[in-house]
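What follows is the residue order along each chain.
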Amino acid sequence: MNRKKPFFMTMLATIMLVGLIAGCGSNSNNGGNKPASGNATNEPKTENAATEAPPAADKKLVVGFAQIGAESGWRDAETDSVKATFGEDPGFELKFSDAQQKQENQIKAIRTFIAQKVDAIGLAPVVESGWETVLKEAKDANIPVFLLDRGITKGNEDLYVSFIGSDFILEGQNAAKWMIEEFGTGAQVNIVQLEGTVGASAANDRKKGFEDAIAGEAGYKIVYSQTGEFTRAKGKEVMEAYLKKDKNIQVVYAHNDDMALGAIQAIEEAGLKPGTDIKIIGVDGIKAAFEAIAEGKMNVTVECNPLLGPQLKQAILDYKAGKTLEKWIKSDEDVYFGQKAIDALPNRKY
């Protein structure tokens, strides 16, 4: 009988037991750092810091802005305000579209923004109606829409977060108030009204505010009312055509300053003195209007603040932070005439 065999077998069993214990320990330690591929686990998965997605705070907010066009100095000022506000903030990226005063171009731009999955859309609608379909598409894509300076047809408030801009009806009322104070109650005053773009909320409301304010004054008559499309050239053209038929007017009420400035040119070419023979009322408060007032060629401009970029930016940040926003975020505005306008001229930014 071989006596070495039991000893050998005992040593072999001991070696195997030590190896088994060492192997379990190794697997346990490794499991705490890197589970074997394919092993199921209920523990949260923690990615390596170098491969983690950047925090939300570091991600740029992409904003699409569908602008009407560049029909006036006021519009240019609004565009510059939006571009500067978002362009100078590293937390934002701006995608800008100039619709050249065509609604179909704005609708196309909005659909492009939706396809690009922007974080928010700013829209200055060229007209009030016709937005239901495309804004519903933005809503379905969970992209908040903010209206700037012009509204859309009533009843569609659920399609946008907030309207940021002016009280156009009040602007029309303020224009009429200045006129009545200038000429007095009971005066006989013939008025030419240069309307803005047909269907635009600014044009509709400035017309309503003005006409409602003079409704109780029998002597104040609008003898002619025609669209000048918010442009200086068209304002001049419409004024020229009317002056060839009749020069017995005392006031031109223009829905924006650019049309008022065009009317001034037509009045001068007709041999009349704007600001004296015919009082000139504009809306917007652009620097060129203040200059015309200082020259005595224009009488009053009702301010409509175009510097809406900071308000749009703040509204987007507040919305993203979960805050409740006002449906109408109003701009601070004033009425300028005479020395008040002259004193304010050096500080005008647009």
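Residues numbered from 1 in each chain as written. Predicted model: local features only at pLDDT ≥ 70, side-chain atom pairs only at ≥ 80, totals over all residues. Heavy atoms only, no water.

Enquirer: Is there a simple way to explain helix H7 (residues 232-245) in this structure?
Expert: Residue pairs three or four apart in sequence face the same way in an α-helix, which turns once every 3.6 residues. With 14 residues, H7 should reach 20 Å at 1.5 Å per residue; the first-to-last C-alpha distance of 21 Å fits that figure. Contacts made by the buried residues of H7 are with strand E6 (189-195), strand E7 (220-227), strand E8 (251-254) and helix H8 (257-269). (Helix = DSSP H or I, 4+ residues; strand = E, 2+ residues; numbered from the N terminus. Expected span 1.5 Å × (residues − 1). Contact = heavy atoms within 4.5 Å.)

Enquirer: Sorry if this is basic, but what is going on with the layout of surface pockets here?
Expert: Gaps between atoms show up when a probe of the same size as a water molecule is rolled over them. Counted as a void, the largest pocket has a volume near 410 Å³. Considered class by class, the residues forming the lining of the largest pocket number six nonpolar, four polar and six charged. (1 Å grid on protein atoms, 1.4 Å probe; cavity = no way out; pocket = protein on both sides within 12 Å on 5 of 7 lines; lining within 4 Å. Points joined across faces, edges and corners; volume = space filled by probe spheres on them. Nonpolar A, V, L, I, M, F, W, Y, C, P; charged D, E, K, R; others polar.)

Enquirer: Is there a simple way to explain the pairing of E8 in this structure?
Expert: Consecutive residues of a regular strand have side chains that alternate between opposite faces of the sheet. Residues Val 251 and Tyr 253 line one face of E8 and the alternating positions Val 252 and Ala 254 line the opposite face, and both faces are buried. Here E6 pairs with E8 via four bridges, running parallel. Opposite Leu 194, over in E8, you have Ala 254 as the bridge partner. Two strands pair when backbone bridges link them, and E8 and strand E9 (residues 279-284) are joined in this way by three bridges, in the parallel orientation. Counted as the bridge partner of Tyr 253 is Ile 281 from E9. Once the chain exits E8 it traverses H8 before rejoining the sheet at E9, and the crossover so formed is right-handed. (Buried < 20%, exposed > 50% of the residue type's maximum accessible area, 1.4 Å probe, protein only. Pairing = 2+ DSSP bridges. Right-handed = clockwise from strand over helix to strand, strands pointing away.)

Enquirer: Before we go on, may I ask you to explain the sheet that holds E6 in this structure?
Expert: What links the strands of a sheet is backbone hydrogen bonding, and the strands pair in either a parallel or an antiparallel sense. Read across the sheet, six strands follow the order E7-E6-E8-E9-E10-E12 without closing on themselves; strand pairing throughout is mixed. Here the strands that pair on one side only, and so sit at the sheet edges, are E7 and strand E12 (335-337). Put simply, the sheet's adjacent strands are angled 20 degrees from each other on average, direction ignored. Strand contacts of H7: E6, E7 and E8, with the helix running at about 130 degrees to E7, the strand carrying the most contacts. Against the sheet, H8 engages E6, E8, E9 and strand E10 (300-303), with an angle of about 155 degrees to E9. (Axes fitted to C-alpha atoms, helices over the stretch in contact; angles between N-to-C directions.)

Enquirer: Help me understand the side chain of Thr 85 in this model?
Expert: By the secondary structure assignment, Thr 85 is in helix H2 (residues 73-87). Classification of Thr 85 by relative accessible area gives buried; the value is 16%. Polar side-chain contacts of Thr 85 include one of 2.7 Å to the backbone oxygen of Ser 81. Not counting residues within four places of it along the chain, the set of residues in contact with Thr 85 comprises Gly 309, Pro 310 and Lys 313. (Polar contact = N/O pair within 3.5 Å; in protein donor to acceptor, adjacent residues only side chain to side chain.)

Enquirer: What is the right way to read empty space enclosed by the protein from this model?
Expert: What the rule picks out here adds up to one cavity of 30 Å³ or more. Of the voids in this model, the largest cavity is the one considered here, and its volume is about 100 Å³. Around the largest cavity, the lining comprises 13 residues; the ones closest to its centre are Trp 74, Arg 75, Arg 150, Arg 206 and Asp 284. Contributions of two or more residues to the lining of the largest cavity are made by H2 and helix H6 (201-214). In terms of residue class, the lining of the largest cavity is made up of five nonpolar, two polar and six charged.

Enquirer: Looking at this structure, how should I read the pattern of salt bridges?
Expert: Here the idea is simple: oppositely charged side chains can pair when their charged atoms come close. Applying the stated criterion across every chain, the model contains 25 salt bridges. The shortest N-O distance in the salt bridge between Glu 240 and Lys 236 comes to 3.9 Å. Here the residue Glu 240 and the residue Lys 236 both occupy positions in helix H7, the gap between them amounting to four residues, near one helical turn. (Salt bridge = Lys/Arg side-chain N within 4 Å of Asp/Glu carboxyl O.)

Enquirer: Teacher, can you tell me more about the packing of aromatic side chains here?
Expert: Within a pair of aromatic rings, the relevant descriptors are the distance that separates the centres and the angle that separates the planes. Summed over the entire model, instances satisfying the criterion amount to seven aromatic pairs. Ring plane angle 90 degrees and centroid distance 6.2 Å describe the contact between Phe 146 and Tyr 319, whose orientation is recorded as edge-to-face. Placement of Phe 146 in strand E4 (residues 145-148) and of Tyr 319 in helix H10 (residues 309-320) is noted, with a sequence separation of 173 residues between them. Taking 5.0 Å as the distance between ring centres and 55 degrees as the angle between the ring planes, the aromatic pair formed by Phe 290 and Tyr 336 counts as tilted. Within this pair, whereas Phe 290 is found in helix H9 (residues 287-294), its partner Tyr 336 is found in strand E12, the two being separated by 46 residues in sequence. Note on accessibility: Phe 290 and Tyr 336 belong to one class, buried. Taking NZ or CZ as reference, Lys 327 lies 4.6 Å from the ring centre of Tyr 160, over its face. In this structure, Lys 340 is placed above the aromatic ring of Tyr 336, and the distance from its NZ or CZ to the ring centre is 5.3 Å. (Phe/Tyr/Trp six-rings, centres within 6.5 Å; stacked < 30°, edge-to-face > 60°. Lys NZ or Arg CZ within 6 Å of the ring centre and 35° of its normal.)

These figures come from the coordinates and say nothing about function on their own.
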